[in-house]
Structure formats: C-alpha cells, structure tokens
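# Topology and contacts: notes
Residue strings, one per chain:
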Amino acid sequence: MTEPADFGFKQVSPDEKTRRVRAVFESVAPRYDIMNDLMSLGMHRLWKRHAVALLNIRPGQQILDLAGGTGDLTHLIHAQLRPSMQATAGRIILSDINPAMLTLGRDRLLNEGLVEGIDYVQANAETLPFPAQSFDRICIAFGLRNVTDKAAALHSAYTALRYGGCYLILEFSRLLLTSLEPFYDAYSFKWLPWLGERIAGDADSYRYLAESIRKHPDQAALTGMLHAAGFARVECSNLAGGIVAIHRAYKL
Ligand code: SAM
C-alpha cells in the first residue's frame, strides 16, 4: 500500500499532495515575490545570496536550479556563470514542476535582459528528465519541502550531478532557540495567514507554508537523508537561528 504524504498537518495520498501543492503555487504565483519580501522582511534575498556564494560557481559550468520558481537563484547564479560576453559556455536551467511559476520566472528574467545561457524546463524534481552526470551544481531553494517524495528527489539530483559536483538545499528548518518558539508560532500561524489573505487573497496557502515548515525534516534528519542518497561531505549551516538551513553535499 502507498504511504500517505504530509500536506502540512494533513495526511493525504501522494497524488493528492502533488495536486494540492500545485494548486498552492498556482494561487500564490502572481503575488509570490512581494509576499517573500514581506514575510521575511527582505531576508530571503540575503539567504539566497549566501547560498549562491556557497555554490562556488565558476564560469562555464552547467547548473540546475530546481523548483526555481520566479528565478531568484538563477538570476544570481547567471551573473557568476557568465560574468562577461566572453564567458559564453556556462548554462543554467531554471526548472519547476509548475508552469505558472516557471512562466513568471522566465518572463521576469527576460524582462531583466537575461537571455543567453538560460534554459527553462518544466520538471518534477523526483524524476529529473536529464542524462546522468549532466550538472556541476544543482540547487533547490525553498522547494524540497513541497516535494512529495523527498528521497526520490535526492536520488534524482544525485544521478544528474557530475562526480565532484555539489548539491545545495536552502530550506526552512528547525528553530534552535526554543525560547523563541512562542513568537515564531504566532508569526507562522497567525501573521502569515493574515498577510496571505490581505496580499495574495489566500490565507490557506500561507497556513500550508507554516505547517509544511514544521513537517519538514530538521537539520539532522535531512543530513541523514543526503547520506542515504549517496552524498558525501554533507555540511549544514544555520541561518537566522535555524529558521533556515543550508545543506551542501558532494558527489564524490
Ligand atoms: N526557488 C524559488 C525561490 O526560492 O523563490 C521558489 C520556491 S517556491 C517556495 C517552491 C517551488 O517549488 C514552487 O515554484 C513549486 O512549483 C516548486 N515545486 C513543488 N513541488 C515540486 C516538484 N516536485 N518538483 C519541482 N518543483 C516543485
């Protein structure tokens, strides 16, 4: 029998989770960027910059931005991958399962004048449609939490990565300062749905966001899952007291 999956605090079938996650991002897509800024007071931009710095990108590499949504990481990575007109070999693929998010990402990057060196692929992170050993770097920012079968996604990324390549996950994680939990709970379960209702006209999707963070594997559990998928030299660093964590791992 198929194991149920968590959709926030609810248990649903895996297909139902995938369907509901798609509905969440279809609903929030038009207001996604402004909500990110408001929810994190702009902090998500710093976290993403830090994550991209840890990727240690070199011109000419092949990069995959998984669950890339509106393309924040792709934008930052592109600047390092192709710092000049001469550095033409590097490519990044912005990939997402959701056409609404991917279209927004593509339109935004094109409007910002980024054309060369970026491809767009609609794909499920669990079953990547790329040949083995295609990429030097694979990253996934605030995406893994939404994936139904996380172990399958880690396995698929491991296969698509080249030997010596690096995989990076930027994701909400477990708050380390337990004394701050009451404030974090109030922020998550009251403020986020309230803000979601006012800005995106959708409280439920932001309630799901808060719940999905609580159900996501914590720092140690995700480290274990990366080892189980075959990754080596797995490192975890906490940001904002563990509200967010970066896992970096290698295929050796
Ligand atoms: N990476 C972007 C960022 O940091 O702003 C977007 C993150 S957004 C919170 C999560 C994204 O994960 C959504 O665009 C959603 O469509 C995508 N997603 C959810 N499940 C996925 C899956 N199984 N495979 C690929 N993308 C998925």
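Structure: see above.
So, a few notes on the structure that sits alongside this text. (Residues numbered from 1 in each chain as written. Predicted model: local features only at pLDDT ≥ 70, side-chain atom pairs only at ≥ 80, totals over all residues. Heavy atoms only, no water.)

Further remarks concern the overall build of the protein chain. Within the protein chain, the regular secondary structure consists of nine helices and nine strands. Taken over the C-alpha trace, the protein chain has a radius of gyration of 17 Å; the compact-globule value for 252 residues is 18 Å, and the two agree within 12%. Along the three orthogonal principal directions, the C-alpha set of the protein chain runs to about 50 × 40 × 40 Å. Here the protein chain, with 252 residues, has 52% of them falling under the buried criterion. Intrachain contacts of the protein chain at a sequence separation of at least 6 include 72% that bridge at least 24 residues. With an accessible surface of roughly 11600 Å², the protein chain has 56% of that area assigned to carbon and sulfur atoms. A gap of 3 Å separates the mean positions of the 27 positive and 26 negative side-chain charges of the protein chain. (Helix = DSSP H or I, 4+ residues; strand = E, 2+ residues; numbered from the N terminus. Rg over C-alpha atoms; globule rule 2.2 N^0.38 Å. Buried < 20%, exposed > 50% of the residue type's maximum accessible area, 1.4 Å probe, protein only. Contact = heavy atoms within 4.5 Å. Areas by Shrake-Rupley, 256 points an atom, 1.4 Å probe, with all protein chains shown as cover. Lys, Arg positive; Asp, Glu negative; His and termini not counted. Charge placed at Lys NZ, Arg CZ, Asp CG, Glu CD.)

Surrounding the ligand, one finds 19 residues, the nearest of these being Tyr-32, Asp-96, Asn-124, Ala-125 and Ala-141. With respect to the ligand, the backbone of Ala-67 contributes an N or O atom lying 2.9 Å from a nitrogen atom. Between a nitrogen atom of the ligand and a main-chain N or O atom of Ile-97, the distance comes to 3.4 Å. Mapped by element, the contributors of at least two residues to the shell around the ligand are α1 (14-28) and α2 (32-40). A per-class count over the shell around the ligand returns 11 nonpolar, six polar and two charged. (Near = heavy atom within 4 Å. Polar contact = N/O pair within 3.5 Å; in protein donor to acceptor, adjacent residues only side chain to side chain. Nonpolar A, V, L, I, M, F, W, Y, C, P; charged D, E, K, R; others polar.)

In this structure the tally under the stated criterion is 13 salt bridges. A salt bridge links Arg-19 to Glu-16; the shortest N-O distance between them is 2.9 Å. With Arg-19 and Glu-16 both in helix α1, this residue pair falls three residues apart, about one helical turn. The residue Arg-214 makes a salt bridge to Asp-185 at a minimum N-O spacing of 2.7 Å. Here Arg-214, found in helix α8 (residues 203-215), pairs with Asp-185, found in helix α7 (residues 181-200); they are 29 residues apart in sequence, far enough to count as distant. Because the salt bridges share partners, they merge into one network encompassing Lys-48, Asp-72, Arg-108 and Glu-112. (Salt bridge = Lys/Arg side-chain N within 4 Å of Asp/Glu carboxyl O.)

Closest axis-to-axis distance for the helix α3 (residues 43-55)/helix α4 (residues 72-81) pair is 10 Å, and the angle between their directions is 45°. Classified by the angle between their axes, α3 and α4 sit oblique to one another. Once α3 is placed against α4, the crossing between them reads as right-handed. From α3, His-44, Lys-48, Arg-49, Val-52 and Leu-55 reach across to α4, where they touch Asp-72, Leu-73, Leu-76, Ile-77 and Gln-80. Residue classes in the contact of α3 with α4 are distributed as five nonpolar, two polar and three charged. (Axes fitted to C-alpha atoms, helices over the stretch in contact; angles between N-to-C directions. Parallel < 35°, antiparallel > 145°, perpendicular 65-115°, else oblique. Left-handed = near helix turned anticlockwise from the far one by under 90°.)

Taken together, Leu-41, Met-43 and Leu-46 make up a surface patch of nonpolar side chains, about 340 Å² in accessible area. As for its position among the elements, Leu-41 is in the loop between α2 and α3. (Patch = residues over 30% accessible without salt bridge, like charges linked within 9 Å, V, L, I, M, F, W, Y side chains within 5 Å.)

The strands making up a sheet are joined through hydrogen bonds of the backbone, oriented either antiparallel or parallel. Read across the sheet, seven strands follow the order β5-β4-β3-β6-β7-β9-β8 without closing on themselves; strand pairing throughout is mixed. For this open sheet the edge positions go to β5 (118-122) and β8 (232-239), each flanked by a neighbour on one side alone. Neighbour to neighbour, the strand axes of the sheet diverge by 15° on average, direction disregarded. Here six bridges tie strand β6 (residues 135-141) to strand β7 (residues 161-172), and the two strands are oriented parallel to one another. Bridge assignment links Cys-139 to a residue of β7, and that residue is Leu-168. The strands that helix α6 (residues 150-160) touches are β6 and β7; relative to β7, the one it contacts most, it runs at about 145°. (Pairing = 2+ DSSP bridges.)

Looking now at the nonpolar core. Membership of the largest hydrophobic core comes to 47 residues, with the highest contact counts inside it found for Ile-77, Leu-170 and Tyr-206. Residues in contact with Ile-77, not counting those within four places in the same chain, are Val-52, Leu-55, Ile-57, Ile-63, Ile-92 and Cys-139. (Core = buried A, V, L, I, M, F, W, Y, C linked by side-chain atoms within 4.5 Å.)

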